[in-house]
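Single-letter residue listing:
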Amino acid sequence: MSRTPSYIQFAPRRAMASFENLVALANHQERLREARRIVWRERGEPAAELEDLWECMEHAGRGGLRAAAIAFALRASVNLVLATIRMGKVPKNMRLSLIQHAIFGKDSFRFAAMLGSFVTIYKAILNALPILLPLNECANLPSPIEDEDEDAEAPPTPFEVPLSARQPRLSLNAQAHQVWVRKRTRRWYSMFAGALAGGLAVMFEKRSRRAVIAQQLFVRGLQGSYNAFASKHNFHIPNGEVVMFCLCCTQIVYALFARPDTLPRSYTTWLITASGAPSNALKMVQDINQTGAFDVQDLNKILTREDVIPANKVTLLARRALATNSPPDFGPYPPCSAVHPWVESCTYVPLPRFVTVFKWAFPIYGALHFIPMVLFRRHAFFKNPLQWLGRAGWATIRSSAFLATFIATFQTWFCFKHYLHGMLSHQTLVKLPQKFIDFFASKYSYGLGGLFGALSLLVEEKRRRGELAMYVLPKSMESAWLTARGKGWVFHTGKFGEMILTAIGMSMVMTIYQNDPQHLSGLVRRILYQFIGPN
């Protein structure tokens, strides 16, 4: 039998050193995790339980400082990348100043102040209202985790519930957050906090950027509100994204040819470039729709093009002679030969235009599909690169075909409506209302062409249709508002219009985020969670 020694035993020196190294490594890993949480919020973070106003202010201050620091780093990084691209065109003695301005310029501080102030104000109000206006516990809504009645009939299985009536599954942490929302807040708390915080925070940005920010937030709020309403009332519009896209394109195309001042200049330039038509021809259409006349110099510039065929040159010279007569005759619309001077027949235009636009759009959409795939799904991409390359290639083909189909369809309508107007004006078999005939020569007929062209969205992948509709919606709404304001149908919002629109948009977005987050798009939900968290 062995006995316990009576003297003190010491562990070997190497064993003690190994143990201390393990402890140091564990502490180092823990510090790394804590540092990572400061920059990147982990999924399933529980809601903070705050008992008094001082804790609310402290919680809001910490969240605001964190959001401001992250916003500053993001904006400075983007500016630094853009400055690096321009580095080759800048003299060497100015490069250091360019880098300093990219990192520590006003744009970085404005962006940080906007997001930091929004998070601070929103967190302070959202968590202070339950303390100042506590809820009556007997009016609490039932918990999504605990059952009120143990004798109630068991819920149906997922196979017994129709697909349209199924609810999204939430994790335990997300369910716990919903419990906190139901126990501690009312729906109008997040609405009021989002409106006040959004309206004040957007004022830190430049005035030229406030309109874009307000439009995007308002559109995202509309999207979330519609999804919540449709889910609650079991309401669904078949191909709703296509319907919205068609309505938006009707307004945008009308504005392009009749009210180009209601569209951003950069967007107008992009549309003219994508159309493939001579910019002077589109300028002639805009001038006729606005003033009833066009600048003869635009016609002269088309005549000097190298690709003008003789037959079209004769037609253009005849139109120039009419426009320079006394009195001048500009006609209700420019000749089709000005829009496609390289071919005489209108029937030979759509297919070559489709091919031209497809080639032009292919590298653009290729970058949009390939770069995010490599950056954000690199693990899946390197695991099976051929499959992902095939998917990205097919998506690029569909997106390029969508834009090419849009342009070719509108080009067909542009020439067809002029042919239809001329034929109906000279026929005597059927007496048609003159207003109906004049419509095909009016500025409103271009909007109808935008409606027909927008049906090409059906070529695009279904999951991208909603994002494309969300892209054109703010531009069409702004154009429609400016057009209505020019006709005296709506009021002027003055210098507070962007603030009011941002407040309305953020009230909708934050109400959906706090109460029904599954109805927001995944990107918006993830961004809000990283900056705001559960509460």
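Values in this document were obtained by computation on a predicted structure and should not be read as measured data.

Caption draft 1: Local environment of helix α2 (residues 53–86). Taking 1.5 Å of rise per residue, the 34 residues of α2 would be expected to cover 50 Å, and the 49 Å separating its terminal C-alpha atoms lies within 8% of that figure. The distance from a side-chain oxygen at the start of α2 to the backbone nitrogen of Trp54 is 3.3 Å, and the residue carrying that oxygen is Asp52.

Caption draft 2: Highlighting the side chain of Thr268. As for its placement among the helices and strands, Thr268 is situated in helix α9 (residues 265–275). Discounting residues that sit within four places of it in the chain, Thr268 has contacts with Leu256, Pro260 and Leu263.

Caption draft 3: Seen up close, helix α12 (residues 310–323). Helix length check: α12 (14 residues) gives 20 Å between terminal C-alpha atoms against 20 Å at 1.5 Å per residue, within 8%. When α12 is considered as a whole, its buried residues turn out to be Asn312, Leu316, Arg319 and Ala323. Down the axis, α12 shows its buried residues gathered within 60 degrees of arc, on one side only. Among the exposed residues of α12, those oriented more than 90 degrees off its buried face are Pro310 and Val314. Tucked inside the fold, the buried residues of α12 contact α11 (296–303) and α13 (336–339).

Caption draft 4: The arrangement of the pattern of salt bridges in detail. Here the structure, examined in full by the defined rule, presents 12 salt bridges. When the shortest N-O distance is used, the salt bridge between Glu58 and Arg62 registers 3.1 Å. Highlighted residues: Glu58 and Arg62, both in helix α2, separated by 4 residues, approximately one helical turn. A salt bridge links Lys283 to Asp287, with the nearest nitrogen and oxygen atoms 3.0 Å apart. Remark: Asp287 and Lys283 occur in helix α10 (residues 279–291); sequence separation between them is 4 residues, near one turn of the helix. Given the relative accessible area of 13%, Asp287 is considered buried.

Caption draft 5: Focus on the environment of Asp295. On the secondary structure map, Asp295 appears in the loop between α10 and α11. A relative accessible area of 38% means that Asp295 is categorised as partly exposed. Along the backbone, Asp295 and Asn280 are 15 residues apart, and their C-alpha atoms lie at a distance of 9.4 Å. At 3.1 Å, the side chain of Asp295 and the backbone nitrogen of Gln297 are in polar contact.

Caption draft 6: Structural view of the environment of Ala469. Within the secondary structure, Ala469 is located in helix α19 (residues 462–486). Relative accessible area serves as the criterion here: at 1%, Ala469 is assigned to the buried category. Linking Ala469 and Met244, residues 225 residues apart in sequence, is a C-alpha distance of 6.4 Å. Beyond its immediate chain neighbours, meaning those up to four positions away, Ala469 contacts Glu241, Met244 and Phe245.

Parameters and conventions
- Residues numbered from 1 in each chain as written.
- Predicted model: local features only at pLDDT ≥ 70, side-chain atom pairs only at ≥ 80, totals over all residues.
- Heavy atoms only, no water.
- Helix = DSSP H or I, 4+ residues; strand = E, 2+ residues; numbered from the N terminus.
- Expected span 1.5 Å × (residues − 1).
- Polar contact = N/O pair within 3.5 Å; in protein donor to acceptor, adjacent residues only side chain to side chain.
- Contact = heavy atoms within 4.5 Å.
- Buried < 20%, exposed > 50% of the residue type's maximum accessible area, 1.4 Å probe, protein only.
- Arc of directions from axis to C-beta.
- Salt bridge = Lys/Arg side-chain N within 4 Å of Asp/Glu carboxyl O.

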